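Understanding the architecture of this molecule
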Amino acid sequence: MVGKGAKGMLNGAVPSEATKRDQNLKRGNWGNQIEFVLTSVGYAVGLGNVWRFPYLCYRNGGGAFMFPYFIMLIFCGIPLFFMELSFGQFASQGCLGVWRISPMFKGVGYGMMVVSTYIGIYYNVVICIAFYYFFSSMTHVLPWAYCNNPWNTRDCAGVLDASNLTNGSRPAALPSNLSHLLNHSLQRTSPSEEYWRLYVLKLSDDIGNFGEVRLPLLGCLGVSWVVVFLCLIRGVKSSGKVVYFTATFPYVVLTILFVRGVTLEGAFTGIMYYLTPQWDKILEAKVWGDAASQIFYSLGCAWGGLITMASYNKFHNNCYRDSVIISITNCATSVYAGFVIFSILGFMASHLGVDVSRVADHGPGLAFVAYPEALTLLPISPLWSLLFFFMLILLGLGTQFCLLETLVTAIVDEVGNEWILQKKTYVTLGVAVAGFLLGIPLTSQAGIYWLLLMDNYAASFSLVVISCIMCVAIMYIYGEHSSLRPPVTRPLARPLCVVGLLTPPLSRAPELLPGHPDDAGIPTTPLLSDLLALHLSCHHLPPGSGPPPPPLESSSLRVAPGAECAPPPAPTARGSDEA
């Protein structure tokens, strides 16, 4: 008996619970739990882990930044991640359908859809640029290695040009922060900067001057949207198979680049710039704000994707285990990527004879200017460039899959009839076409201005606001009137809500689940209360306790009054009371 129960618990299910009772035939489930974990890892681990975190860590005190970062992970990141997974798994609905618990807060779901829409539009444009660089790397000599191209200006100064070397001296130091060369037209620029600005983007002089649509980028945008659509053509059934490659291969590329990077001259200097702690930075509020924003952005909290992905889980899956694994994997990847990035940047700085701070950058400036410039210094540079941009493509696609599925699932669940369930593929196609059309302005000559504007404001402080409202709605609006918690745990649950911890209603109420009426009365696995080791919350609901399940057409997830989850008396006494 003990061995059988332990085996059931390892699978995230309740012992003696039949597996087929957890299948949601109407919406479908993941093929297995590994598909969900890999999809969530691919969703959380994105471009921000590579081009944003290493620079934030360096700028905010190096190793000292790790302290506020992991504090935010423990007290904000993992609890909110756990809450969203539990919320979606509990309701088996997307980011709109879950708000049946409190329809007045359905605007939070719409807010999540707006955030996912904004990010999905510009995220695929970044992927299309990575596609463009990937195709451009299929050559013997990288086109941004030298200054002898038609688009180069007289101010161009490449680190490989013989004209930069005089009597064996090192080339002149590059201007500080390569991404800001747009504002330093009188200074010499790198060939990678001119390739990015004058050839790939043909950058206009103002955000309002759209100019022409860059047809090569438009073609790559079409390719990226076709790839995303084909991978989601059967929903989670098809994307769950694709993530076996898209979620794992980036780690292979990161490892290859890491091994190559640490063997280069100057790599140790770059890594020390990345890790050297500046403890006085901890006292600055901006450092803590950057740590919090990076946690929210990197984990994908309040985007709606976590709720959507978890809604395809089996009802009794151990989502707490998954939330810890995915969150830690995401943050460990960010730290690991920092070694990869700064080892190469340290080598570049050593080659140029400048400080690492002069070549350190973030965002598109790192991905498409600074890092490609560093790759030209390596032997067989086209190979390393292909690997790097292929990694960026896979990282972007892993996030884009979930962004598109979030929008599609929200639409399908909101309509909810049999026709749209059968035509979900056409809904996916419609959302993909709309995303492609909305992304066309971002491929114009002023598109990068709008992309950076959306990147800075689409998913920043709004994520904090959405998460706070969601916590208040679940705990104080839905949870306060739910009688599933014993009075002794309520004073403890309120302060926990401040850091986003999920209270017991969502982990102990199978009878509230729409579409799972057969689960009423089944013993459930305690989650939050046992994790906190307080042992003050209720025990498992015995079979037959609690109210009967609500009808399927009910629009509320509330349980009827009187279903108090108090420690049950002896079975004979309960039987006599009910009789």
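Rules used throughout
Residues numbered from 1 in each chain as written. Predicted model: local features only at pLDDT ≥ 70, side-chain atom pairs only at ≥ 80, totals over all residues. Heavy atoms only, no water. UniProt positions renumbered as here; feature names shortened; annotations may be inferred. Helix = DSSP H or I, 4+ residues; strand = E, 2+ residues; numbered from the N terminus. Buried < 20%, exposed > 50% of the residue type's maximum accessible area, 1.4 Å probe, protein only. Contact = heavy atoms within 4.5 Å. Phe/Tyr/Trp six-rings, centres within 6.5 Å; stacked < 30°, edge-to-face > 60°. Lys NZ or Arg CZ within 6 Å of the ring centre and 35° of its normal. Disulfide = S-S within 2.5 Å. Expected span 1.5 Å × (residues − 1). Core = buried A, V, L, I, M, F, W, Y, C linked by side-chain atoms within 4.5 Å. Patch = residues over 30% accessible without salt bridge, like charges linked within 9 Å, V, L, I, M, F, W, Y side chains within 5 Å. Areas by Shrake-Rupley, 256 points an atom, 1.4 Å probe, with all protein chains shown as cover. Salt bridge = Lys/Arg side-chain N within 4 Å of Asp/Glu carboxyl O.

An unreviewed UniProt entry lists the protein under the name Transporter, from Colobus angolensis palliatus. In its Sequence similarities (unreviewed entry) section, UniProt records this for the protein: "Belongs to the sodium:neurotransmitter symporter (SNF) (TC 2.A.22) family. SLC6A9 subfamily." What the UniProt record of the protein gives under Subcellular location (unreviewed entry) is the line "Cell membrane".

Look at the UniProt record and you will see "binding site: Na(+) 2" (unreviewed entry) annotated at Ala-44 and Asn-49. By the element assignment, Ala-44 lies in helix 2 (residues 33-44). Given the relative accessible area of 3%, Ala-44 is considered buried. Among all residues touching Ala-44, those that are not within four sequence positions of it are Asn-49, Ser-298, Leu-299, Ile-326 and Asn-330. Secondary-structure assignment places Asn-49 in helix 3 (residues 47-51).

All chains considered together, the criterion is met by 40 aromatic pairs. Ring centres 6.2 Å apart and planes at 55° place the aromatic pair Tyr-55 and Tyr-58 in the tilted group. Taken together, the residues Tyr-55 and Tyr-58, both in helix 4 (residues 53-59) and three residues apart, mark about one turn of the helix. With a centroid separation of 5.4 Å and an interplanar angle of 50°, the aromatic rings of Trp-144 and Tyr-195 are classed as tilted. Note that Trp-144 is positioned in the loop between helix 6 (106-136) and helix 7 (191-200) and Tyr-195 in helix 7, a separation of 51 residues in sequence. What links up through ring pairs into an aromatic cluster is the set Tyr-133, Trp-144, Trp-151, Tyr-195, Trp-196, Tyr-199, Phe-368, Tyr-371, Phe-388 and Phe-389. Its guanidinium or amino end placed over the ring of Tyr-312, Arg-27 lies 4.4 Å from that ring's centre, counting from NZ or CZ.

Moving on: the state of the cysteines. In protein chemistry, a disulfide is the covalent bond that joins the sulfur atoms of two cysteines. Considering all chains together, one arrives at one disulfide under this definition. The residue that forms a disulfide with Cys-147 is Cys-156, at a sulfur-sulfur distance of 1.9 Å. Its S-S torsion of about -65° marks the bond between Cys-147 and Cys-156 as left-handed, since a negative value means left-handed. Cys-156 gets classed as buried once you look at its relative accessible area, which sits at 9%.

For the rest of this paragraph, the subject is helix 8 (residues 215-231). Here helix 8 spans 24 Å end to end across 17 residues, near enough to the 24 Å set by a 1.5 Å rise per residue. Listed as buried for helix 8 are Leu-217, Cys-220, Leu-221, Gly-222, Ser-224, Trp-225, Val-228, Phe-229 and Cys-231.

The phi torsion at Lys-202 lies on the positive side, around 50°, for a residue other than glycine. Mapping Lys-202 onto the fold places it in the loop between helix 7 and helix 8. Here Lys-202 falls in the partly exposed class, since its relative accessible area comes to 35%. Positioned with a positive phi, Ile-380 is a non-glycine residue whose angle comes to about 50°.

Residues Tyr-122 and Tyr-133 are the most contacted members of the largest nonpolar core, which totals 155 residues. A per-element tally of this core places helix 6 first, with 18 residues. In contact with Tyr-133, not counting residues within four places along its chain, are Trp-144, Tyr-195, Trp-196, Val-200, Phe-368 and Phe-389.

We now examine the UniProt feature "binding site: Na(+) 1" (unreviewed entry) in the protein. Following the UniProt record, one finds the feature "binding site: Na(+) 1" (unreviewed entry) at Gly-42, Val-45, Ser-298, Asn-330 and Leu-395. In terms of the greatest pairwise C-alpha distance, the residues named above, spread along 354 residues, form a tight cluster of at most 12.0 Å across. Mapped onto the elements, Gly-42 comes out in helix 2. Those residues in contact with Gly-42 that lie beyond four places of it in its chain are Ala-247, Leu-395, Gly-398 and Thr-399. Considering the arrangement of structural elements, one finds Asn-330 in helix 14 (residues 319-352). A residue is classified by how much of its surface remains accessible, and Asn-330, at 0% relative accessible area, is buried. Contacts of Asn-330, omitting those with residues within four sequence positions, involve Ala-44, Val-45, Asn-49, Ser-298 and Leu-299.

Checked against the element boundaries, Thr-139 lands in the loop between helix 6 and helix 7. Between the C-alpha atoms of Thr-139 and Leu-383, which are 244 residues apart in sequence, the distance is 9.3 Å.

This part is about a nonpolar patch on the surface. Taken together, the side chains of Ile-207, Phe-210, Trp-450, Leu-453 and Tyr-457 make up a nonpolar region of the molecular surface, amounting to roughly 470 Å² of accessible area. You can see Ile-207 is positioned in the loop between helix 7 and helix 8.

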